[in-house]
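# Close look at the chain arrangement
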Amino acid sequence: MTIPIPEKVGTQKKTGPVCFKCKSRLDSRTHRSWFVKAFLFWLPIRKFKCYKCNRTQYAFINR
Ligand SMILES: [Zn+2]
């Protein structure tokens with residue numbers, strides 16, 4: 001008997017976060033904005049940019 005294992009939603013793979021829209025890998029080279037530096041420096045989040053759909057989004061980093 002084989003039980004199909006559903007894909008975990010929201011689990012980040014070692015390859016890094018992916019774009020919520022086009023599912024492509026995000027580039028983490030985007031510099032943090034002043035807002036993140038000032039208020040979100042204590043959170044393990046980083047700013048990522050998708051060059052496919054030109055979206056900037058924040059994602060948590062698993063350490
Ligand atoms: Zn995208």
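The next subject is the overall build of the protein chain. Scanning the protein chain for helices and strands turns up one helix and two strands. The linear arrangement of helices and strands in the protein chain, starting from the amino end, is α-β-β.

For a regular strand, the rule is simple: side chains alternate between the two faces of the sheet. Where strand β1 (residues 45–50) lies against strand β2 (residues 55–60), six bridges are found, and the strand directions are antiparallel. If you follow arginine 46 over to β2, its bridge partner there is alanine 59. The loop that links β1 with its antiparallel partner β2 comprises four residues; one of these, asparagine 54, has a positive phi angle of about 55°.

This paragraph deals with the environment of tyrosine 51. Following the sequence through the fold, tyrosine 51 ends up in the loop between β1 and β2. Between the alpha carbons of tyrosine 51 and arginine 25 there is a distance of 9.1 Å; along the sequence they are 26 residues apart.

For the rest of this paragraph, the subject is the confidence of the model for the protein chain. Counting all residues, the mean pLDDT for the protein chain is 76, and 75% of those residues have values of 70 or more. When pLDDT is averaged over each helix and strand of the protein chain, the minimum, 76, is found for helix α1 (residues 34–39) and the maximum, 82, for β1.

Moving on, we come to unusual backbone geometry. At lysine 23, a residue that is not glycine, the phi angle is positive and equals roughly 65°. Inspection of the secondary structure assignment puts lysine 23 in the segment before α1. The exposure class of lysine 23 is exposed, given the 9 C-beta atoms found within 10 Å.

Definitions and limits used
Residues numbered from 1 in each chain as written. Predicted model: local features only at pLDDT ≥ 70, side-chain atom pairs only at ≥ 80, totals over all residues. Helix = DSSP H or I, 4+ residues; strand = E, 2+ residues; numbered from the N terminus. Pairing = 2+ DSSP bridges. pLDDT = per-residue confidence, 0-100. Buried ≥ 20, exposed ≤ 12 C-beta atoms within 10 Å, placed from the backbone.

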